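# What the coordinates show
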Amino acid sequence: AAASSSTVSYFLLLVPSTMVLLSFLSSVYQQLAPMVPPGLAVCIASAFIEDGKYLQAFRHEFVGTLLMIGLTFSPGKWIGADSLAVAWVAHALGVIASDRIGGGPHVNPAVTASMFALGKCSYSEGFVRIMGTMAGGLVAFPVFKILAESMGWTPLGGPEFDPKDDEEGIAAGFSEFFAMILLMILIYTVNWELNFGRFHYWIKQTLTAVGIRYLIETFPLAGPAINPMLGTTWYIFAYGGFPDHLGHYFTYWVSSFLGAIVASYLYAIYAGGTVFGKTLPIGPIKGEAKAEAAPAPESKKKK
């Protein structure tokens, strides 16, 4: 009876302490929750799947995306506001710096989808890379807003789907679709098909930067983005929640992913390989061209 009484007394003492702790944690959560972008916790949690096997890939995508947004969105606003040439040069340098410092990340979910389709990364790695990219975007826009306000600079903007006269996002979606195909062809070409020798990295990154800038100017209907992460993380930052318009997802995600997959098929037809683990019934054009160009072996005649 004495033991039972002491146990009850212990729990009676424990309950108020527990309630105080829960109240404190609830207060902390209420203070911090508005400061954490929606979806960021899920993105960070994904970094540790398969016992953290792809944690480094997550880190590369997160850092690379953070740098990419800061270094490529600032030209025209913080740098080169009065000079298009300066803005283009600054943008090119930003693309190179974010890739070099970030460790060669994809920084684009559609690019990752193409790499998965072509067998360059596993499903799990692709998923982690996309989550790392999304986390970088969710953190980047608030961070650079604080920086702009503290320095008195022009706030950075972002791509935004406008449903006016394009309710379902068809026109904007086709713009992103074709821009993504061209972007992927550029990436395949400068990374896998061309070799610039000693200065390969610097030349191919510069060509990539110039190509991206050209596509941004040529396909403006969706912001432009040519990157699903940019469209969605900017919306979350600007409006405080996930997009509720289907046209947004069609424009930035469906169209971009379809463009990347179509480009993957085109590359496999040209260079060979598989798409989603399947060998295509046509191609490779590259192998056939080499075979046709090779001289026919001389026939050996008995003397």
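Residues numbered from 1 in each chain as written. Predicted model: local features only at pLDDT ≥ 70, side-chain atom pairs only at ≥ 80, totals over all residues. Heavy atoms only, no water.

## Remarks on the overall build of the protein chain
Counting its regular elements, the protein chain contains 12 helices and 2 strands. Counting helices and strands in the order they occur from the N terminus, the protein chain gives α-α-α-α-α-α-α-α-α-α-α-β-β-α. Burial status across the protein chain gives 40% buried among its 303 residues. Considering only intrachain contacts with a sequence separation of at least 6, the fraction spanning at least 24 residues in the protein chain is 74%. Summed over its atoms, the accessible surface of the protein chain is roughly 17200 Å², and 67% of this surface lies on carbon and sulfur atoms. (Helix = DSSP H or I, 4+ residues; strand = E, 2+ residues; numbered from the N terminus. Buried < 20%, exposed > 50% of the residue type's maximum accessible area, 1.4 Å probe, protein only. Contact = heavy atoms within 4.5 Å. Areas by Shrake-Rupley, 256 points an atom, 1.4 Å probe, with all protein chains shown as cover.)

## Quick notes on helix 5 (residues 84-102)
A rise of 1.5 Å per residue sets the reference length of helix 5, with its 19 residues, at 27 Å; its end C-alpha atoms lie 26 Å apart and thus fit the reference within 8%. Where helix 5 is concerned, the buried positions are A87, A90, H91, A92, G94, V95, I96, S98, D99 and G102. Count one or two residues on from helix 5 and you reach G103, which has phi positive near 90 degrees. (Expected span 1.5 Å × (residues − 1).)

## Quick notes on the environment of L246
Of note, L246 is situated in helix 11 (residues 246-271). It is 9.0 Å that separates the C-alpha atoms of L246 and E167, two residues lying 79 residues apart in sequence.

## Concerning unusual backbone geometry
A cis amide bond links G283 to the next residue, P284, at an omega of 0 degrees. Relative to the assigned elements, P284 resides in the loop between strand 2 (278-279) and helix 12 (285-293). If you check the backbone angles, E50 has positive phi at about 55 degrees while not being a glycine. Mapped onto the fold, E50 is located in helix 3 (residues 49-52). E50 sits in the partly exposed class, given a relative accessible area of 40%.

## Section: the pattern of salt bridges
Close approach of charged atoms allows side chains of opposite charge to pair. Going through the model one piece at a time under the given rule, you end up with 5 salt bridges. Its salt-bridge partner being R129, residue E61 comes within 2.6 Å of it at the nearest N-O pair. With E61 in helix 4 (residues 55-73) and R129 in helix 7 (residues 123-151), the pair connects residues that are 68 residues apart, well separated along the chain. Neither residue differs from the other here; E61 and R129 are each classed as buried. Here K145 ties to E149 by a salt bridge, and the two come within 2.5 Å at their closest N and O atoms. Taken together, the residues K145 and E149, both in helix 7 and 4 residues apart, mark about one turn of the helix. Since its relative accessible area comes to 53%, E149 is described here as exposed. One connected set of salt bridges, linked through shared partners, spans E61, E125 and R129. (Salt bridge = Lys/Arg side-chain N within 4 Å of Asp/Glu carboxyl O.)

## Some thoughts on the nonpolar core
Judged by nonpolar contacts, the single largest core of 29 residues is most densely connected at C43, F58, M68, I69, F73, M229 and L230. Among the secondary structure elements, those contributing two or more residues to this core are helix 2 (40-46), helix 4, helix 7 and helix 10 (228-239). Counting residues per element, this core draws most heavily on helix 7, which supplies 9 residues. Excluding its chain neighbours within four sequence positions, the residues that come into contact with I69 are S74, G137, A140, F141, F144, L156, M229 and L230. (Core = buried A, V, L, I, M, F, W, Y, C linked by side-chain atoms within 4.5 Å.)

In short, shape yes, function no, at least from these values alone.
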